[in-house]
Structure formats: structure tokens, C-alpha cells
Amino acid sequence: EGVGGAMKQRELTVVLCIIWAVSLLYGEMFAYWVPSLWACSWPHHHLNSKSTMDEVGYSTDYVKVVVLTDPQLMDKTSLGLAPKSLALEIAQFYADLFMRRAFFSSIVPFKPDVILFLGDYFDGGPYLSDEEWQESLSRFKHIFGLDAQGRYKNIPVYYLPGNHDIGYASLHYQRPEVIKRYENEFGMRNYQFTVGKVDFIAIDAQTLDDKQRSGRPQEDLASPTWNFVKNVSMDVQLNPRVLLTHIPLYRQDWTSCGPHRGSPVINQRVSRAVDSQEIAYQNYVFEESSNCLLELIKPVLILSGHDHDQCTVSHNSKFGPIKEQTVGTISWQMGNLYPSFMLLSASNFTLPNASHPEEAISTHLCFLPMQTHIYIWYLSLFVLTLLALLWPTSGLTVWNHCSNLIVSCNIFGGGTKEKNEDENCEYEMIWDAEGSMHLVKKALNAPIANSSERGLVERGNAIMRPTAKKHISQDIEASMNVDLGADVDSMLKMTTRTSKSKTKIVIQRLVRTFRMLTIIAAVNLPLYMMLLFKDWID
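Presented here is a report on the structure given in the accompanying data block. (Residues numbered from 1 in each chain as written. Predicted model: local features only at pLDDT ≥ 70, side-chain atom pairs only at ≥ 80, totals over all residues. Heavy atoms only, no water.)

Here the focus is the overall build of the protein chain. Check the secondary structure of the protein chain and you find 13 helices and 17 strands. Looking at the protein chain as shown, the accessible area adds up to about 29200 Å², and 60% of this sits on carbon and sulfur atoms. (Helix = DSSP H or I, 4+ residues; strand = E, 2+ residues; numbered from the N terminus. Areas by Shrake-Rupley, 256 points an atom, 1.4 Å probe, with all protein chains shown as cover.)

As C-alpha cells, then:
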């Protein structure tokens, strides 16, 4: 039994090692391959399968654009933790690692031609010192391969400012160096660029709704953005336009966001500075500003971020309905259980009929691994591992336990037969010459009918004859006293022995569990560390 138990312990350890290894390989590596291998594809592939255009080569029909938003790198403003504390460093590392894996394992395999960021690169960007801001910038470049060692520096990258990068109007007046710092690194806040035969219009949405207050000149903030928009509106529109804004455009409260939304809809919320009444936070661009943008730019598609969750709405304009797609955050620590990115196909040819913009611009929303669920599975697997190791294994498998249970049920079922046999007999007490009592089993021939036999004293099926009465009381009393004393001693000894046995069993199980956990950890911890750092180190 000891040898069999040891064999089963080894088998259990091997099985748990395999389960942990498979779980780690999937959670730390294979899960990031799913978008590029099975779950997602460029939307123009589906268009080409239906299209009759064959004069242009398949590989050059569309320019492939990846859209990312709201990485919001964690810093001292994120969780209220002390700067440089161990807890903050760990949270930063795992958030950064997820985004780096997502970028290199889930996004780069699509081989994009252009990368587009929709803002919020840092969490507390306006409130960081120059040294802290440069440190966050280095992390950002490392995550997305934009540093000197970056493997994909040949891919054009376009940036859009977010409120966590430059703040709102109330902050711009207090810290104008924040905008200068941003522009020195990421470029202008309002600009346009062309990808294929599609024009992209990028605007600084944080200043759109700024109004002149407290005698401050309005043109300091809002005028550059609106002047840019007016200039764009006066240009001859040759290509379809896509409006890029970090803050989504206005919509009525409780407007549905479509099937990809994972959290409740967020309604308009505006906060203002106490002293100047300038905007300190807003969820959406104001209605008046949104209508002006739609009228002046005439986009066929609007891309936005800021909300951290996916949302698709339709805006009514003079030129018909216009779809806006809000892309969810790429970070798993920004309140979205389903981080995402977008694949956008921009046509590389002039459409003969401009009334079908969906043929010029098509999008596909892709989802990244649910990191929170992966960690929940790790925790659940750890609990299951402890239960499996602590479960009593005295050389019996689960099948043995089931077999024993079945046998015991059969015994209880078959016991009635023996009981029925005993019901047809009687036991007679017989004393020999030395006074010793013996039970003699005799068959029960016929029921007792004679009144002369009523004097018999019955104890169950054992009949005590009158000649034995004088010995019964004395013998029973003596035997009870002797047996009671012996039973008390034996019970005390048995209790002590049982207590020691239970303590020994518990200690043995704990030692066995620790030994098996050590083996499982020795096999899987190196695997985990290798998977952890293979994606982090260039």
C-alpha cells in the first residue's frame, strides 16, 4: 500500500506539472497569438472576396492601418501608491508587459503599414516632472518598439494628444510648458495626413470647447484648433476623410454603444475649475462643437478614444449618417476587461463612385487576451492544486473509493439474509459445573402455546430457564463492573492513540504537500520566468 501510494503521488505530481505548464504557456504566450491566427483579419480581405475589381494587385489595393489608444502608462498618479514603491513597480511592470506582448505578438504579425495612436499615452502626463515624464516616455517607446533598439522603426507612426497627455484648458493656462513638452516629442496637435487615398484629420479635442473667461484671450487655446478646422473645410476634398479626435463627439445620454460594449454607457459629465470655470474634464465634445466639426470636415468616419471601452454610434448630419467608432484601451489595467485594437483598411485607389465610402474605409475591431481572467485561472488552479495534494491518498484511487462504497452497499443489502436466518432460531443459556455460561443456538420448531412455559424469562431470542435464575444477577453485575473498568481504560488508550495518529497523518500530509509543491514549482517557475522576460528584453 505504501509503494502504491508513492506511485500515485508521483503520478499526481506529473499531472499537475503538465497542467501548470500548459496553463502558463497559454496564458503567457499562446493567448496572444489568437488574434492574428484565428480571431481577427484585415477587413479588406472580406471586401476583396466580394469585389469585382481585379485590375489592381491584391497586396496593394489597401493600406493597412493599426489603431491603438489609451495605453495610459501607470505612474505615481495612478493608484495612490508611493513613487518607486514595490507595489507600484510591480503594477507598472505587469501593465507594461501586457501591452508589449499585445503589440509584438498580437498586432505586429498583421504587418501593418501605418500605426495610429489616439492619445492618452501617460496616466498623469501633465503632473509629472520632466525627469518622470522622460522615464514614462522611455517606457512607452520600449513597449511599442519605438526606441533606438526598436525592430519596427520603419513603420510610420501618427499621434493624437489626449487629456492625460496635455490636460484641458484649465491646466493649459497654469502650465503652458506641458503643451510644449508634448509637441517637442510627438509633433503638432492639429494636422492632417494621407494614407492611400484617404485623408486623416487629427485635432486637439481638449481645446475645442474652451471659451473666453476671466479676460483671458480665447485665441490662446481654442483658436488654433478651430482655425485648422476651417482651413481644412476650405480645401478641395478629393479623398474620403476620417476625423481623429481623442474625446468622442456629442451624443444623447443613454445612447446605445452596440454589441461590443463591455461596461455601462457613460453619459456626459463636465467638471470646471473653481476659480476660472474653465473645463477640467469632459466625457464628450459639446453638441455645438460636434455639429460644427461634422459640417466643416464632412468625414465619412470618426475615430475616438478616451472612453476606455468600445462604442459605435451614428451621428446625423446634413450629409447623411456618419459612424463614429470609439476604440477601447489597449491596457488591461484601465477598467476594461476586454482590451482591444482596430484594424483599418484604407483604399489605395480612387473609387469610381464616391457614394460608397465603406469600400474606401473598412474597420475590424479586435480583442486582446482577457488578462484578468487568466490570473483568476492561475489562482483557481493553485487552490485546486492544494486540494489535490492535501486529499488523503493511502494507496487508493478515486476508483478504489467508489469500489469500496459499492461493496459496502452490497454488504448492507446482503445482511438482511443473515438476520432472517437468525430469526428462525433461539439461543439457550447453559451453565456448566464451574459456573461458566454458554449460548447454544437451537432451531425454533414451533410457537410456544403451553401456559406452563410462560414462566420463562426472555432476552431477545435467548431463553433463560428458571434453574439458571439464581446465577444471573450476580454474574451480570460482576461482569459489568469488570467490563466497565476495562472499557474505560481501553477507550482512554484508544483516544490517545487516535489523537497521535491524526496528528501524525496531518504532519505527513503537510510534508508530502510541501514536497510535491516544491517539485511543481521547480519545474514551472523557470518556465514562467522565461516566458515573463522573453518578451520584455529586447
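To continue, consider the pattern of salt bridges. Applying the stated criterion to the full structure yields 15 salt bridges. Of the charged contacts, one joins Asp309 and Arg261 as a salt bridge, the two residues approaching to 3.8 Å between their closest N and O atoms. Placement of Asp309 in the loop between strand E9 (301-304) and strand E10 (311-317) and of Arg261 in the loop between strand E6 (241-245) and strand E7 (270-272) is noted, with a sequence separation of 48 residues between them. For Asp309, a relative accessible area of 3% translates into the label buried. One salt-bridge network, held together by shared partners, links Glu28, Arg101, Lys534 and Asp535. (Salt bridge = Lys/Arg side-chain N within 4 Å of Asp/Glu carboxyl O. Buried < 20%, exposed > 50% of the residue type's maximum accessible area, 1.4 Å probe, protein only.)

Our focus in this paragraph is unusual backbone geometry. One non-glycine residue, Lys298, adopts positive backbone phi at about 55 degrees. With respect to the secondary-structure elements, Lys298 resides in the loop between helix H10 (287-297) and E9. Given the relative accessible area of 31%, Lys298 is considered partly exposed. Although it is not a glycine, His306 sits at a positive phi angle of roughly 75 degrees. Structurally, His306 is set in the loop between E9 and E10.

Its place among the elements puts Arg139 in helix H5 (residues 130-143). On the basis of relative accessible area, Arg139 is assigned to the buried category, the value being 13%. For Arg139 and Gln92, which are 47 residues apart along the polypeptide, the C-alpha to C-alpha distance reads 9.8 Å. With sequence-adjacent residues up to four places away left out, Arg139 is seen in contact with Leu73, Met74, Gln92 and Asp96. (Contact = heavy atoms within 4.5 Å.)

It is worth spelling out empty space enclosed by the protein at this point. What the rule picks out here adds up to one cavity of 30 Å³ or more. Approximately 30 Å³ is the volume found for the largest cavity. What lines the largest cavity is Tyr32, Tyr94, Leu97, Phe98, Arg101, Trp332, Gln371 and Tyr375. With four residues, helix H4 (residues 86-107) is the largest single contributor of residues to the lining of the largest cavity. Partitioned by chemical class, the residues of the lining of the largest cavity number six nonpolar, one polar and one charged. (1 Å grid on protein atoms, 1.4 Å probe; cavity = no way out; pocket = protein on both sides within 12 Å on 5 of 7 lines; lining within 4 Å. Points joined across faces, edges and corners; volume = space filled by probe spheres on them. Nonpolar A, V, L, I, M, F, W, Y, C, P; charged D, E, K, R; others polar.)

The next thing to look at is the packing of aromatic side chains. All chains considered together, the criterion is met by 34 aromatic pairs. Ring centres of Phe93 and Trp536 lie 5.5 Å apart, and the angle between their planes is 70 degrees; this geometry places the pair in the edge-to-face category. A residue pair is termed long-range when its members are at least 10 positions apart, and Phe93 in helix H4 and Trp536 in the segment after helix H13 (469-534) qualify at 443 residues. Each member of the pair, Phe93 as well as Trp536, is classed as buried. Among the aromatic side chains, those forming a connected cluster through ring pairs are Phe103, Phe104, Phe117, Tyr121, Phe122, Trp133, Phe140, Phe144, Tyr159, Tyr182 and Phe186. (Phe/Tyr/Trp six-rings, centres within 6.5 Å; stacked < 30°, edge-to-face > 60°.)

We now examine the nonpolar core. One finds Leu68 and Leu244 to be the most contacted residues of the largest nonpolar core, which totals 83 residues. With eight residues, the top contributor of residues to this core is H4. Sequence-distant contacts of Leu68, that is, excluding residues within four places in its chain, are made with Phe103, Ile107, Ile115, Leu116, Phe117, Leu118, Phe144, Ile330 and Phe341. Ranked by size, the runner-up nonpolar core spans 19 residues in total, among them Trp226, Leu243, Leu294 and Ile297. (Core = buried A, V, L, I, M, F, W, Y, C linked by side-chain atoms within 4.5 Å.)

Structurally, Thr225 is set in helix H9 (residues 222-234). What makes Thr225 buried here is its relative accessible area of 0%. Apart from residues no more than four positions distant in its own chain, Thr225 is found in contact with Asn190, Ile203, Asp204, Thr207 and Leu208.

Relative to each other, H4 and H5 sit at 35 degrees, their axes nearing to 9 Å. The segment H4 lies against H5, with Gln92, Asp96, Met99, Arg100, Phe103 and Phe104 engaging Arg139, His142 and Ile143. For the contact of H4 with H5, a count of residues per class yields four nonpolar, two polar and three charged. (Axes fitted to C-alpha atoms, helices over the stretch in contact; angles between N-to-C directions.)

Taking strand neighbours across the sheet as the criterion, the six strands line up as E4-E5-E6-E9-E11-E10 in an open arrangement whose pairing is mixed. With partners counted over all chains shown, the strands left at the sheet margins are strand E4 (191-195) and E10, one partner each. For this sheet, the mean inter-axis angle between neighbouring strands, taken without regard to orientation, is 25 degrees. Bridging between E6 and E9 involves four bridges; their strand directions are parallel. When the bridges of E9 are listed, Thr245 appears paired with Ser304. The strands that H10 touches are strand E5 (198-202), E6, E9, E10 and strand E11 (320-326); relative to E6, the one it contacts most, it runs at about 150 degrees. (Pairing = 2+ DSSP bridges.)

Quick look at H5 now. Spanning 14 residues, H5 covers 20 Å between terminal C-alpha atoms, matching the ideal 20 Å at 1.5 Å per step. When H5 is considered as a whole, its buried residues turn out to be Trp133, Ser136, Leu137, Arg139, Phe140, His142 and Ile143. Its buried side turned inward, H5 meets H4, strand E2 (114-117) and helix H8 (177-186). Phi turns positive one or two residues past the end of H5, at Gly145, with a value near 65 degrees. (Expected span 1.5 Å × (residues − 1).)

Burial along E2 is two-sided: the residues Val114 and Leu116 and Ile115 and Phe117 are all buried. The pairing of strand E1 (residues 62-68) with E2 spans four bridges and is classified as parallel. Paired with Val65 across the strands is Val114, a residue of E2. One ladder, built from two bridges, connects E2 with strand E3 (residues 157-158); its direction is parallel. Its bridge partner lying in E3, Leu116 is registered against Tyr158.

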